[in-house]
Amino acid sequence: MKSLRTALGTLVLALLTAGCSLEGDYPQSSVAPTSDFALMIHELYADIFWWTLLILAVVWVALAYILIRFRARPDSPVPKQIHGHMGLEIGWTIGPALIVVAISIPTIQAVFATQQGDPEDSLVVDVIGHQYWWEFRYPDTGLITANEVHIPVDRPVSFRISSDDVIHSFWVPMLGGKRDANPMRIRPEGEDPKYNWIHLTANETGTFWGQCAEFCGDSHSLLGCRVVVEDEAGFQAWQADLATPVTAPATAAADPAQDTTTADAAPAPT
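K.L.:
Any chance you could explain the layout of surface pockets here in plain terms?
P.N.:
By rolling a water-sized probe across the atoms, one finds the places where empty space is left. Taken as a whole, the largest pocket holds about 270 Å³ of empty space. For the largest pocket, the lining is made up of 14 residues, of which Ser30, Ile41, Trp171, Gly176 and Gly177 are closest to its centre. Of all elements in the fold, only helix 2 (36-69) and strand 7 (176-181) reach the threshold of two or more residues within the lining of the largest pocket.

K.L.:
It is not clear to me how the side chain of Thr114 should be interpreted in this structure. Could you clarify?
P.N.:
Tracing the chain through its elements places Thr114 in helix 3 (residues 86-114). The exposure class of Thr114 is buried, given its relative accessible area of 9%. Leave out the neighbours within four places in its chain, and Thr114 touches Phe37, Met40, Ile41, Arg179 and His199.

K.L.:
Just to check I follow, could you spell out the sheet that holds strand 5 (residues 156-163) for this structure?
P.N.:
Strand pairing in a sheet relies on backbone hydrogen bonds, with the paired strands running either antiparallel or parallel. Within the open sheet, the 5 strands sit side by side as 3-2-1-5-8. Their pairing is mixed. Sheet topology places strand 3 (143-146) and strand 8 (196-201) at the edges, where each strand pairs with a single neighbour. Across the sheet, the mean angle separating the axes of adjacent strands is 25 degrees when strand polarity is ignored. Relative to strand 3, strand 2 (residues 133-138) runs antiparallel, the two being bridged by 4 bridges. Each bridged residue has a counterpart across the sheet, and for Arg137 the counterpart in strand 3 is Ile144. Docked against the sheet, helix 4 (residues 232-243) engages strand 1 (123-130), strand 2 and strand 3, running at close to 95 degrees with respect to strand 3.

K.L.:
Would you take a moment to explain the sheet that holds strand 6 (residues 168-172) for this structure?
P.N.:
Across the sheet, which stays open at both edges, the 5 strands sit in the order 4-10-9-6-7 with mixed pairing between neighbours. Looking at strand neighbours, the two that pair on one side only are strand 4 (148-152) and strand 7, the edges of this open sheet. Across the sheet, the axes of successive neighbouring strands diverge by a mean angle of 20 degrees, strand direction being ignored. Sheet topology note: the strand 9 (residues 206-212)/strand 10 (residues 224-230) ladder contains 6 bridges and is antiparallel. Bridge pairing in strand 10 places Trp209 opposite Arg226. Contacts from helix 4 reach strand 4 and strand 10 within the one sheet, and its direction differs from that of strand 4 by about 140 degrees.

K.L.:
Honestly, the pairing of strand 10 in this entry has me stumped. Any pointers?
P.N.:
The two faces of a sheet get side chains in turn, since along a regular strand they alternate between them. In terms of burial, strand 10 is a largely internal element, 5 of the 7 residues being buried. The sheet contact formed by strand 4 and strand 10 spans 5 bridges and is parallel. From the neighbouring strand, Ile151 faces strand 10, where its bridge partner is Val229.

K.L.:
Would you mind showing me how to read unusual backbone geometry here?
P.N.:
In most cases, non-glycine residues show a negative phi, while peptide bonds are predominantly trans. Across the junction of Gln131 and Tyr132, the peptide omega takes the value 10 degrees, indicating a cis bond. Position of Tyr132 relative to the elements: it lies in the loop between strand 1 and strand 2. Phi at Asn147 is positive, roughly 65 degrees, even though this residue is not glycine. Inspection of the secondary structure puts Asn147 in the loop between strand 3 and strand 4. The exposure class assigned to Asn147 is partly exposed, which follows from its relative accessible area of 26%.

Calculation criteria
Residues numbered from 1 in each chain as written. Predicted model: local features only at pLDDT ≥ 70, side-chain atom pairs only at ≥ 80, totals over all residues. Heavy atoms only, no water. 1 Å grid on protein atoms, 1.4 Å probe; cavity = no way out; pocket = protein on both sides within 12 Å on 5 of 7 lines; lining within 4 Å. Points joined across faces, edges and corners; volume = space filled by probe spheres on them. Helix = DSSP H or I, 4+ residues; strand = E, 2+ residues; numbered from the N terminus. Buried < 20%, exposed > 50% of the residue type's maximum accessible area, 1.4 Å probe, protein only. Contact = heavy atoms within 4.5 Å. Pairing = 2+ DSSP bridges. Axes fitted to C-alpha atoms, helices over the stretch in contact; angles between N-to-C directions.

Remember that the coordinates give geometry; whether it matters functionally is a separate question.
Okay, structure coming up:
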C-alpha cells in the first residue's frame, strides 16, 4: 500500500509540474502560435489531444470498474467461459474506425488549407539551405540576407524553399510549418523547378527563432536562423537601409603642417 501511495504521489507531482512549462520564454515553442499557419496546426493538435484524453479516461474508468467488480475472491465461482462476443467485436471494430475518421477529416482539411497557392499580394521570399547557413532572397528587390529574414506583420508571406547542396528542413516553430529544402537537380528543358512552399501571415511582431529539422551533416546543429516580424513601416525602412550602398570614408586632405618632406632632404640611396 505504501508503494502504491508513493507511485500515485509521484504521478500527481509530475502532472502538476508539467504545467510549469507554460511559463517562461521558449523561443522555439510549437504551442505558442504567432501566425495563421501555426494557429491552424495548434488547434488541430489541441483538438486531437483532448479527444485522445477523453478516450483514455473512458478506458481507464472501464478498466478500473472491471478490476474491482470482477476481481477474484476466495469464495467466488469459476467465471462462465465464453468464446467471442459478436457485439463487442463489432463495437471495438467500428469504434476505432469512427475515431480515425473523426481525426482524419480535420487533418485533411488542414493539409489542403496549408497547401493552397500564395495570395496575389503576398511577399515572396526565397529560402535556400546551405551547409551550414540559410540564404534569404527577396526577388522583388534583389536583396539578399544570411540567417536573418525580415517580414511584415499582418501581410501574407510565401517562403519558396530549396537547397543548394543536400536536403535541409526549414522550420520556425512559433510561425508554424516545416518544409524540406530539396536540392535543385537537373530537370528536363522547359520544366519549371519544383519548390516547397510555406504560406503564412504573421499576426504578432517580434523575433522568432528557427532551425534546420533535417540532419544535414556534421554542423547540422549550427544551421539556425531568426525571423524578424515588424510593422510595415519598419519593414520598409529595413529594406531601404539594406539597399543603401556602403561608401568608403573620404580620405582626409593632406595637412601641410604635417608634411615631413623638405626640399633639402637627403636623397634616397641608389
